[in-house]
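Chain by chain, the residues:
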There are 2 protein chains.
Amino acid sequence: MRLSRYFLPIIKENPQEAQIVSHRLMLRAGMIRQASAGIYSWLPLGLKVLRKIEAIVREEQDRAGAIELLMPTIQSADLWRESGRYNDYGEEMLRIVDRHKRDMLYGPTNEELITDIFRTTVKSYRDLPKNLYHIQWKFRDEIRPRFGVMRGREFLMKDAYSFDLDYAGARRSYNAMYMAYLRTFARMGLVAIPVRADSGAIGGDLSHEFQILAQTGESDIYYDAAIEDISLAKLMSVGDDFEKTVTHLQSLYAAEQEKHDAKACPVPPARLKHAKGIEVGHIFYFGTKYSKAMNAKVTGPDGADITVEMGSYGIGVSRLVGAIIEASHDDAGIIWPDAVAPFKVGLINLRANDAACVTACDDLYAKLQNAGVDVLYDDTDESAGAKFATCDLIGLPWQLVVGPRGIKSGVVELKNRRSGEKQELSPEAALHRIMG
Amino acid sequence: MRLSRYFLPIIKENPQEAQIVSHRLMLRAGMIRQASAGIYSWLPLGLKVLRKIEAIVREEQDRAGAIELLMPTIQSADLWRESGRYNDYGEEMLRIVDRHKRDMLYGPTNEELITDIFRTTVKSYRDLPKNLYHIQWKFRDEIRPRFGVMRGREFLMKDAYSFDLDYAGARRSYNAMYMAYLRTFARMGLVAIPVRADSGAIGGDLSHEFQILAQTGESDIYYDAAIEDISLAKLMSVGDDFEKTVTHLQSLYAAEQEKHDAKACPVPPARLKHAKGIEVGHIFYFGTKYSKAMNAKVTGPDGADITVEMGSYGIGVSRLVGAIIEASHDDAGIIWPDAVAPFKVGLINLRANDAACVTACDDLYAKLQNAGVDVLYDDTDESAGAKFATCDLIGLPWQLVVGPRGIKSGVVELKNRRSGEKQELSPEAALHRIMG
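Residues numbered from 1 in each chain as written. Chains lettered and ligands numbered in written order. Predicted model: local features only at pLDDT ≥ 70, side-chain atom pairs only at ≥ 80, totals over all residues. Heavy atoms only, no water.

With that settled, consider the relation of the copies chain B and chain A. With an RMSD of 0.0 Å, chain B superimposes on chain A once it is rotated by 180 degrees and translated 0.0 Å along the axis. Accordingly, the operation relating the two chain copies is best matched by a two-fold axis. Among all C-alpha atoms of chain B, that of Ile-96 of chain B lies closest to the rotation axis, at 2.9 Å. Both copies present the same face, since 100% of the interface residues in chain B are matched by interface residues at the equivalent positions in chain A. (Least-squares fit on C-alpha atoms with pLDDT ≥ 70 in both. Contact = heavy atoms within 4.5 Å.)

Now for the sheet that holds strand β4 (residues 74-76) of chain B. Residue and element names in this part refer to chain B. Judged by pairing direction, the sheet is antiparallel, and its 3 strands sit side by side in the order β4-β6-β5 without closing on themselves. The sheet terminates laterally at β4 and β5 (94-97), the two strands that pair on one side only. Ignoring which end each strand starts from, the neighbouring axes of this sheet average 35 degrees apart. (Pairing = 2+ DSSP bridges. Helix = DSSP H or I, 4+ residues; strand = E, 2+ residues; numbered from the N terminus. Axes fitted to C-alpha atoms, helices over the stretch in contact; angles between N-to-C directions.)

As a further point, take the pairing of strand β5 (residues 94-97) of chain A. Residues and elements named next belong to chain A. Every second residue of β5 is oriented toward a common face, the buried set being Leu-94 and Ile-96 and the non-buried set Arg-95 and Val-97. Strand direction decides the pairing type here: β5 and strand β6 (residues 103-106), joined by 4 bridges, are antiparallel. Within β6, the position partnered with Leu-94 by the bridge is Tyr-106. Linkage of β5 to β6, two consecutive antiparallel strands, is achieved through a turn of 5 residues, within which Lys-101 is found at a positive phi near 65 degrees. (Buried < 20%, exposed > 50% of the residue type's maximum accessible area, 1.4 Å probe, protein only.)

Residues and elements named next belong to chain A. Overall, mixed pairing links the 5 strands, which are arranged β20-β19-β21-β22-β23 in an open sheet. Taken across any chain shown, the strands that pair with only one partner, and hence form the sheet edges, are β20 (375-378) and β23 (422-425). Shown here is a sheet whose adjacent strand axes are inclined to one another by a mean of 20 degrees, direction ignored. Inspection of the sheet shows strand β21 (residues 398-402) paired to strand β22 (residues 412-416) by 4 bridges, in the antiparallel sense. Bridge pairing in β22 places Val-401 opposite Glu-413. Set on the sheet, helix α11 (residues 355-370) makes contact with β19 (345-349), β20, β21 and β22; between it and β19 the angle comes to about 165 degrees. In this fold helix α12 (residues 384-394) packs onto β19, β20, β21 and β22, with an angle of close to 175 degrees to the strand it touches most, β19.

Counting from both sides, the interface comprises 57 residues of chain B and, opposite them, 57 residues of chain A. Summing the contributions of chain B and of chain A, the shared interface buries around 4,800 Å²; its carbon and sulfur component is 58%. Sorting the residues of chain B by area buried against chain A places Phe-7, Leu-70 and Arg-99 of chain B first, and these three jointly supply 16% of that buried surface. Remark: the boundary between chain B and chain A carries 8 salt bridges. The salt bridge involving Arg-33 of chain B is made with Asp-116 of chain A; its shortest N-O contact spans 3.5 Å. The interface formed by chain B and chain A holds 20 residue pairs in polar contact (both at pLDDT 80 or more) in total. In terms of residue class, the side of chain B that touches chain A is built from 30 nonpolar, 9 polar and 18 charged. (Buried area = accessible area lost by both parts, 1.4 Å probe. Salt bridge = Lys/Arg side-chain N within 4 Å of Asp/Glu carboxyl O. Polar contact = N/O pair within 3.5 Å; in protein donor to acceptor, adjacent residues only side chain to side chain. Nonpolar A, V, L, I, M, F, W, Y, C, P; charged D, E, K, R; others polar.)

Once that is clear, we can look at the pattern of salt bridges. Residue and element names in this part refer to chain B. In total, this model carries 66 salt bridges over all chains according to the counting rule given. A salt bridge links Glu-60 to Arg-63, with the nearest nitrogen and oxygen atoms 2.8 Å apart. Of this pair, Glu-60 and Arg-63 both sit in helix α2 (residues 44-63), separated by 3 residues, roughly a single helical turn.

Here the focus is the domain arrangement of chain A. All names here are of chain A. Here the domain parsing of chain A yields domain 1 (3-334) and domain 2 (343-435). For domain 1 and domain 2, the distance between their C-alpha centroids amounts to 37 Å. Across the boundary between the two partners, domain 1 contributes 16 residues, which contact 14 residues of domain 2. Summing both partners gives a buried area of about 1,300 Å² for domain 1 against domain 2, and 59% of it is carried by carbon and sulfur. In terms of surface lost to domain 2, no three residues of domain 1 exceed Leu-3, Lys-48 and Ile-334, which account for 37% of the buried area on that side. Across the contact surface, domain 1 and domain 2 share 3 salt bridges. Across the salt bridge formed by Lys-48 and Asp-374, the nearest N and O atoms sit 2.8 Å from each other. Here domain 1 is connected to domain 2 by 8 residue pairs in polar contact (both at pLDDT 80 or more). Examining the composition of the side of domain 1 that touches domain 2, we find that 3 residues originate from one element, helix α2 (residues 44-63), more than from any other. Taken together, the residues of the side of domain 1 that touches domain 2 sort by class into 9 nonpolar, 3 polar and 4 charged. (Domains from an automatic or database assignment.)

Okay, the packing of α2 of chain A against helix α6 (residues 167-187) of chain A next. All names here are of chain A. Axis separation between α2 and α6 bottoms out at 9 Å; the angle between their running directions is 150 degrees. What the angle tells us is that α2 and α6 run roughly antiparallel. Here α2 runs over α6; the crossing is right-handed. Every residue of α6 that contacts α2 at Ile-56, Val-57, Glu-59, Glu-60, Gln-61 and Arg-63 is listed here: Met-177, Ala-180, Tyr-181, Arg-183, Thr-184 and Arg-187. Grouping the amino acids of the contact of α2 with α6 by side-chain chemistry returns 5 nonpolar, 2 polar and 5 charged. (Parallel < 35°, antiparallel > 145°, perpendicular 65-115°, else oblique. Left-handed = near helix turned anticlockwise from the far one by under 90°.)

Let us look at the environment of Gln-423 of chain A. Residue and element names in this part refer to chain A. The topology assignment puts Gln-423 in strand β23. Judged by its relative accessible area of 27%, Gln-423 is partly exposed. Through-space distance from the C-alpha of Gln-423 to that of Tyr-313 is 45 Å; in sequence the pair is 110 residues apart. If we ignore the near neighbours within four places in the chain, the residues touching Gln-423 are Val-412, Glu-413, Leu-414 and Arg-433. In terms of polar contacts, Gln-423 uses its side chain to reach the side chain of Arg-433, at 2.4 Å.

What follows concerns helix α8 (residues 243-251) of chain B. Residue and element names in this part refer to chain B. What α8 keeps buried is the set Thr-245, Val-246 and Leu-249. End-on view of α8: buried residues confined to an arc of 95 degrees, all on one side of the axis. Along α8, exposed side chains directed more than 90 degrees from the buried face belong to Lys-244 and Ser-251. (Arc of directions from axis to C-beta.)

Our next topic: unusual backbone geometry. Leu-128 of chain A connects to Pro-129 of chain A through a cis peptide bond whose omega is -5 degrees. Relative to the helices and strands, Pro-129 of chain A is located in the loop between α5 (111-121) and β7 (130-139). The phi torsion at Lys-101 of chain B lies on the positive side, around 65 degrees, for a residue other than glycine. Assignment of secondary structure puts Lys-101 of chain B in the loop between β5 and β6 (103-106).

Residue and element names in this part refer to chain A. Summarising the element assignment, Lys-138 is placed in strand β7. There is a polar contact of 3.0 Å between the side chain of Lys-138 and the backbone oxygen of Gln-136. Separated by 3.4 Å, the side chain of Lys-138 and the backbone oxygen of Met-157 make a polar contact. Each residue touching Lys-138, except ones within four places of it in the same chain, is listed here: Tyr-106, Gly-107, Pro-108, Thr-109, Asn-110, Arg-153, Glu-154, Phe-155, Met-157 and Asp-159.

Pairs of aromatic rings are described using the distance from one ring centre to the other and the angle between the two planes. All chains considered together, the criterion is met by 25 aromatic pairs over all chains. On the basis of an interplanar angle of 5 degrees and a centroid distance of 4.1 Å, the ring pair of Phe-118 of chain B and Phe-163 of chain B is categorised as stacked. Taken together, the residues span a long stretch of sequence, with Phe-118 of chain B in helix α5 (residues 111-121) and Phe-163 of chain B in strand β8 (residues 154-164) at a distance of 45 residues. Taking the relative accessible area as the measure of exposure, Phe-163 of chain B reaches 0% and is therefore buried. Counting every residue linked through ring pairs, the aromatic cluster contains Tyr-106 and Phe-139 of chain A together with Tyr-106 and Phe-139 of chain B. Positioned above the aromatic ring of Phe-343 of chain A is the side chain of Lys-48 of chain A, whose terminal nitrogen or guanidinium carbon lies 4.1 Å from the ring centre. (Phe/Tyr/Trp six-rings, centres within 6.5 Å; stacked < 30°, edge-to-face > 60°. Lys NZ or Arg CZ within 6 Å of the ring centre and 35° of its normal.)

This is how it looks when you write it as structure tokens:
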């Protein structure tokens, strides 16, 4: 993409309204713009990151055998009356009355609607297990929306729902999602710590929150350093045979500060870590809470009805955009992990009115595009300083800098955004380095 | 995908509530399920089609130079008061009051919000032209939602908005979208007739509706047969140099029945066609209607303010799913055009408990998957008749049938859904045929 044709409204000053670094950087980098309190438009750069995160979430859900569908944003209040949550949910639920005076709502979550779909379509034990998920916008009418997309009102969530015949099956479905979550966050370059949690309003018996480590996190967590030791390669190598790995990980200590008791903690001090975390995922096993209330049954092998066992599994997709920035930035701006970077390379022409620079840049641009590398080509006539500042701010993994002096001696400069390392290389060597 | 692991709730009987064929077939084929009046859940098969259509729409918008962003579904009423449409819009607008008693609404369209984004971020004539689009769920509170996704309340729309300095630029942006629309519909295997239209509530001077031909269409249109002559290959071959082609096409006669005057019609009878159409796209040039009301200006080359010229360009993405079925089906079910088919091949194992059949099917399944061919593998123990009926109903372009008799003589049966043609072939030859 040529920057001159793109839509990247950079803000030079720090916006007053932003209290945390991710909010500030997302506004400054032209990723989002507030439409109203807690509701954002995703500008092109922000949308690209959101879609990359969404794609990783989707791939790992699919790999785990979950099936994607899409439920609508607007739901009927009737289903929520059936489950008993319509009155319980409180003012965070955005309640709507349509032109025929029917009570509707903007879905804050989908246990009721998915249970309704299940009960009207699945009839036999032979159709189980099933795990159905969607990635859809939700609305929670937070009393005080803040921190940009970290605590917005309209937000993108992946929510999956499992249906099983018995506890053992439900537990297997739960563990499959536990594994999928670790893989998902690891692929984004994040360290995620699963912490046993209360199940709160969703109800149920077993629950884990996934906290990613970030110095600016809201949660205080204590955990066994062994949890961090599991690498992406290891997570992927266990394939579908993940029960042993999951059981091991679930046996390791991790607790939020409120529940941490230094005296009773079983972890040797040398291995006990204390860090800040941001919650980006939450999984629940809640048994028959909804299936009983809403009469979701299948016929068992012996012809008798079985009330299905359920779980639900959420990932805050839009929240992750902010959370990743909280975990990965410096004073100059964002530092995107490769897997979620909006573009892999920023190609900077230092002298947009110099024929030799333009020729060299156009050539590099074409070669990168032909190789399928996502590149943002700064072909504008801004000053060199402004171009460097923008490229640091938006955090692309590589900066490929072409200037008149270098061109004369046949070199370009390649900068790695994360390490800050700069190298003078021939254009070919630079391309080789970028493409790995 | 193995059917045994998929979620495809087929309905055998014709649903009472469905008055038109696409609604009936989408319900029967397990593509959608009504959540409440005019609001649907997209089940996995339906979602796959929706996403394929969305991808084609996106590719052609990108090719035309439009830039994707994403505006939220919930908007503040304030912007609509600025443009004067808050009171005008009537009961089709879903009005919402949030917990702080602020007037909000579920966006039925986005002229106001995009104009707000533009006026706060774009300052100079040098940043124009710009065309910004998004693909987002909209809500229109139809008094009598019907015909399934063809006239639903919550629906997916692509809407683009162009910003130009003057009429000539705006007209060029308009024509670029006109061309993009013809390419979009042609890629989906549809014949689209652009018809001059009134601009209605959006306001403005110039407008075209895109009607795709379907015997069950709601509109009656008369048009010059020459419009049909333009092929996809021709549309693609003109590249960015489309003005001549567009001017020619816009000069050809096309009118809805209300405006058609047989006596005044300039088309020779031999070339005049009369057909039913379904509106799937609508483009508008409306000048400064919104930019003036909302004060969207840029600084011109001479330092003076210029109120920008705008247009908007919609495609009914979810409506297209139904419209394509209206245009392409038979008594047995849907016939998907290749480009939007949810799977390219249905692989049918006629004897799921026969080892030789299973081995042959597993082998074909692996080979198709390795070649990147989207395949739905019916590995269930349903009867052969039921499997054939399902595969016809869901309309995959190819059916690859493996039975015990064929396996003994080294052949499988390949059926083309559209032509009905069946061939006995070696497995290798069948794969070769499918992969083209």
